[in-house]
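# Residue-level structure breakdown
Each chain, written out:
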Amino acid sequence: MTNTVVAADTPQFRPALHFTPRANWMNDPNGLVFHRGVYHLFFQYHPDSAVWGPMHWGHATSTDLLRWQEQPVALKPDPLGMIFSGS
């Protein structure tokens, strides 16, 4: 069973000017990269639950740092394990 939390269900908890994924657990935004006019933000992410779990790297893009588009997961666990920031 997953504990999916959809952003539309909790607008009072959504930041007005900061990125958050549409749903589920995120932490440790880092790896902001500017490439060819687009900002790429990477962050620790568990796409299947609202609580900590198998560590993935989420990815979002923006051209103005105000409006963000969530992208497919950039990195996910493999047979060797999870990938943490600072690894």
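See the structure above.
Criteria and cut-off values
- Residues numbered from 1 in each chain as written.
- Predicted model: local features only at pLDDT ≥ 70, side-chain atom pairs only at ≥ 80, totals over all residues.
- Heavy atoms only, no water.
- Helix = DSSP H or I, 4+ residues; strand = E, 2+ residues; numbered from the N terminus.
- Buried < 20%, exposed > 50% of the residue type's maximum accessible area, 1.4 Å probe, protein only.
- Areas by Shrake-Rupley, 256 points an atom, 1.4 Å probe, with all protein chains shown as cover.
- 1 Å grid on protein atoms, 1.4 Å probe; cavity = no way out; pocket = protein on both sides within 12 Å on 5 of 7 lines; lining within 4 Å.
- Points joined across faces, edges and corners; volume = space filled by probe spheres on them.
- Nonpolar A, V, L, I, M, F, W, Y, C, P; charged D, E, K, R; others polar.
- Core = buried A, V, L, I, M, F, W, Y, C linked by side-chain atoms within 4.5 Å.
- Contact = heavy atoms within 4.5 Å.

A word on the overall build of the protein chain. In terms of regular secondary structure, the protein chain is built from zero helices and four strands. Of the regular secondary structure in the protein chain, the N- to C-terminal order runs β-β-β-β. Relative to its full complement of 87 residues, the protein chain shows a buried share of 28%. Of the roughly 6000 Å² of accessible surface on the protein chain, a fraction of 60% belongs to carbon and sulfur atoms.

Computed from the structure, the largest pocket encloses a volume of approximately 160 Å³. Counted by class, the lining of the largest pocket contains eight nonpolar, three polar and three charged residues.

In this section: the nonpolar core. Core analysis: the biggest nonpolar cluster contains five residues, these being Phe19, Leu41, Phe43, Tyr45 and Ala60. The greatest single-element share of this core, amounting to three residues, is contributed by strand β2 (residues 38-46). Those residues within four positions of leucine 41 in sequence are excluded, and the remaining contacts are Phe19, Pro29, Asn30, Gly31, Leu32, Gly58, His59, Ala60 and Trp68.

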